[in-house]
Each structure stands twice: as structure tokens, then as C-alpha cells.
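Chain by chain, the residues run as shown.
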Amino acid sequence: MPVRNSRLYPILFGVLLAVVCATLLKTLDVALGARIERNRTYDREKNVVLVLVGRETFASMKPGQIGQTYKSCVHEVRQNPGAPIEYYRCADPATKKTTAYVLPLEGMGLWDKVRGLMCLETNLDTIRAVSFYDQAETPGLGGCIGEAAWAKRFDGKQIRNANGAVAITITKAGTADAKDPNEVDGITAATMTCNAVNKLMQVSIKRFLDEVKK
Amino acid sequence: MSDEQKTQDAPAEENADETPQHSFFSRKHRKVAREGVWVNNPIFCQILGVCSALAVTNRLDSAIVMSIALTFVLCCSNVILSYMRNFIPNRIRMIVEVAVIATFVILIDQVLKAFWFDMSKTLGPYVGLIITNCIVMGRAEAYALQNPVVPSFWDGLGNGIGYSFVLCAIAIPREILGSGTLLGAKVMPTAYENCQLMILAPGAFIMMGILLWVLRAISPVEEE
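Chains are numbered independently. Their residues run from 1 in the order of the written sequence. Each chain takes a letter, starting from A, and each ligand takes a number, starting from 1, following the order in which they are written. Local features in this predicted model are restricted to residues of pLDDT 70 or higher, and side-chain atom pairs are both shown and tallied only at a pLDDT of 80 or more, whereas totals for entire chains, interfaces and linings draw on every residue.

Notes on the overall build of chain B
Note on conventions: DSSP H or I runs of at least 4 residues are helices, E runs of at least 2 residues are strands, and numbering of each starts at the N terminus. Looking only at helices and strands, chain B has 11 helices and 2 strands in total. Helices and strands appear in chain B in the N-to-C order α-α-α-α-α-α-α-α-α-β-β-α-α. Each residue is classified by how many other C-beta atoms fall within 10 Å of its C-beta atom, where C-beta atoms are placed from the backbone; a count of 20 or more means buried, 12 or fewer means exposed, and values in between mean partly exposed. Within chain B, buried positions represent 41% of all 224 residues. This entry defines residue contacts through backbone-placed C-beta atoms, with two residues in contact when those atoms are within 7 Å. For chain B, contacts bridging at least 24 residues in sequence account for 75% of all contacts bridging at least 6.

So this is what it looks like as C-alpha cells:
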């Protein structure tokens, strides 16, 4: 075919292909964007409930109940203008007394942004539960941060040491002292992810503590 | 899923004018698929897609999910590129291949996120990793650009299944020896000390070497 050998043909073909692909993807983005965003918000709310009520209770909940619990228990989402962090204050639906705080743990992991949530008791020290719900770490290695089996290690740990400073640390796998309330055992073969998570966790907690005191 | 129907329907129409003597399930087409699975297995004989085979085989569930996703993309991209094969300018054919594959992968990723969010979370970065999988581009170059649509579909399916088979064959011993579990369920006695080497990359190389040896012993490959 002589047309295919002309110099202009590859350029035109390339441009056409780019336009077709880009149009297709943009259309898809416009069509599905809102839906994806809704899924993300719902996923986040689900995880707020998860860390609030604990994994066992959450597993037995029906989808309708999750939404209800979120509405009744999450008393307010605090976001001061210009504040670096948005957190949830959870209260008893009847008495309006604060029962727990849920704070976001956000920052860079090893490869991409990691998003998680941590539920703290009202003493702002004891961890009720932690969940990393949005991450793109190496599957099977760093990706284990998204799994319940690992997140459970945080349950009941304390974020502060005896002096009141933020001291919660993810240690190298197998080296955590079980008796130390500030140490969480890391994941084998995922030391770099654990270090990154450790850093973003400490930064997020410090930000939250500064914000909640205001 | 409508995408799947499309790939099923489309080749049937093309079939009529391009290869009238072969039906969709004809022996010739099945042979094309069988070649991909065994005789010309992408990982063992073509040594393609090794990177992902090493990366995702530390657990069986990851391997299965990756296998399904890759087979799907491979079939779709082979079909589309085969449709376009007479129009693609030779000089920029690789760019065209990558553009088509990438568009497909993003499409699948977005659709999953919108309609099957939990699944997309399970798949996580795998979907994106498919773009970089050498098998997809390798099969486009080696087969889809020279052959009609229907055989290209079967070639994609066969290679996808061949890849899946090897992935699972590497993942099963790795998960059992490295974590003492299979699909997350404990299978080794509690006294068993997990072999850390198996869940790291070297474990995959060793496992692959052993498998390669066993499979080549069963079915020798003639060196050219």
C-alpha cells in the first residue's frame, strides 16, 4: 500500500490514535468519575466504622448498619480552615459524650500515597484499631499493611511513652518487644514500607494532637 | 460483562470473511491456544513476562488474580491489534501497541473502580502492572500483527492460560514453604519454621529454575 509508506501517514495515524484513545478515556473519566469518588467516600466511611467498632463487630454488620453507625456515631468531622488534618469525633448518640477519635494516617509509602485511619480512645493514647485502606505497596510484601492480620497488631498499643511524647514505632520484623506498649512488629521483607508507614504515622499523629488541643 | 461479550462476538463476524473454512472452535484454533499453553509457553519457552511472574508469586491468591487480569487484557489487546493490523504504519507500530494496551488497562481499572470497588482494591497495583507485562506486547508483535482476529484471540487465551499455569505452579510451593499457608489457610505443622528465602525474590528464581528443569525434562525444547 503506497499510502502506508508515505511520511505523513505515521504522523496522522499517531495523532488520530492519540485523539481516539484520549477521547475514550476522558469520556470514561467523566462518565465514571462521580461514581468512583462516591465509592471512595463510602469506603472511607466504612473504614471509619471499622476502626470505631472493631473488626469482629464490623464483620457481623450488614451494609445498611454500617451507614447508620457512621451517621449516628460520628458526631462531627472537624476541619478547621487551613488545618492540615481532618479528623472525626465520635460520640454516643444519646448522651453526645465523646467516645473516641478517628484520625487519618496519610503520607507517602514506599511507592505511592498510603491512606489509613486510626481510632484513639478518649485518653488520646490507647489505640482501639488501625486500618490502612488505600495503598499501592508491593503486593504480598509491603501490601500486607492493608491486611487485618497485620493491622491487628496495633490494637491496644499506646501512642505515647511514659513521658507523654509520641513514641509509637513500627520495628524491624521480629524485633518488637511484646511487653512494650509503643512497639509494633513490622512485616518481613517489607522494611522500607514499614519505615515509610512509621514516618507517616508519627507525622499524622503529631498533627492530630496539635489540632485537637486547639 | 459487556466487554467480554464484545470480544466473543467480534471475532465471529470477522471470521466469516477472513477464514471461512474455520469455525470459532475449530481444531486449528484450539491448536493455536494449546501451543500457547504448553509447546510455546510464554514463560518457559519464550521467557517473557518473567518480571511479573517473580513479583506476584509469593502468594497463590495474588497469582490467581494477576492471571485472570492478564489473560483478559491479552485477549482484548490481541483482538483489537489484529483488527488494526492492516492500518498500523510499520515504523510506529510499537507505540501503537503500547497505546492500545495502556488504554485497555486504564479502561479496565476505571470500570473496576466504578462498579466493582472491592475487587479493584484486591487487585490494587496489579492492573497497572499489566501494561508493563512483556507477554502482552510480545504476543502483539509476534502474533496479532500477522494473523487474523480469531486465531489472535485464541493465541491470547492460550498464552494467558500458559502464563497462569506457570504462575500458580511457582506460587503454590512458594506460599507453602515461605509462609506455611495456602490461599491464606495454614497447611504446615506449627513446628515448621517458615523459609524466609522463599517469599523474597531469590526464592522465585530458585523455584522457577527447578520448574524449568522439570518441565524441560518432560518436554524437551529443541534449540535452534
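Now that the structure has been shown, the text picks up again.
Brief notes about the interface of chain A and chain B
Listed by partner, the interface residues are 22 residues for chain A and 23 residues for chain B. It is helix 2 (residues 8-53) of chain A that contributes the most residues to the side of chain A that touches chain B, 15 residues altogether. In this count, Pro and Cys sit with the nonpolar residues alongside Ala, Val, Leu, Ile, Met, Phe, Trp and Tyr, while Asp, Glu, Lys and Arg are called charged and the others, Gly among them, polar. Partitioned by chemical class, the residues of the side of chain A that touches chain B number 13 nonpolar, 5 polar and 4 charged.

Section: the confidence of the model for chain B
Residue and element names in this part refer to chain B. Of all residues in chain B, 88% have pLDDT values of 70 or greater, and the mean over the chain is 79. On a range of 0 to 100, pLDDT expresses the predictor's confidence in each residue. Of all secondary-structure elements in chain B, the lowest mean pLDDT belongs to helix 1 (residues 2-18), at 43, while helix 9 (residues 149-179) reaches the highest, 89. Low pLDDT, under 50, characterises residues 1-20; the stretch is placed with 21 contacts to residues that sit more than four places away or in other chains. Interface confidence for the predicted complex, given as ipTM, is 0.75, next to a pTM of 0.72.

Remarks on the environment of A:Gly164
Tracing the backbone through its elements, the reader meets A:Gly164 in the loop between helix 5 (148-151) and strand 6 (169-171). Counting along the chain gives 19 residues from A:Gly164 to A:Glu183, while the straight-line C-alpha distance between them is 15 Å.

Digging into the environment of A:Glu137
Within the element layout of this structure, A:Glu137 appears in the loop between strand 5 (127-134) and helix 5. Dropping the residues within four chain positions of it, A:Glu137 is found in contact with A:Gly109, A:Leu110, A:Trp111, A:Gly142, A:Gly143, A:Ile145 and A:Thr193.

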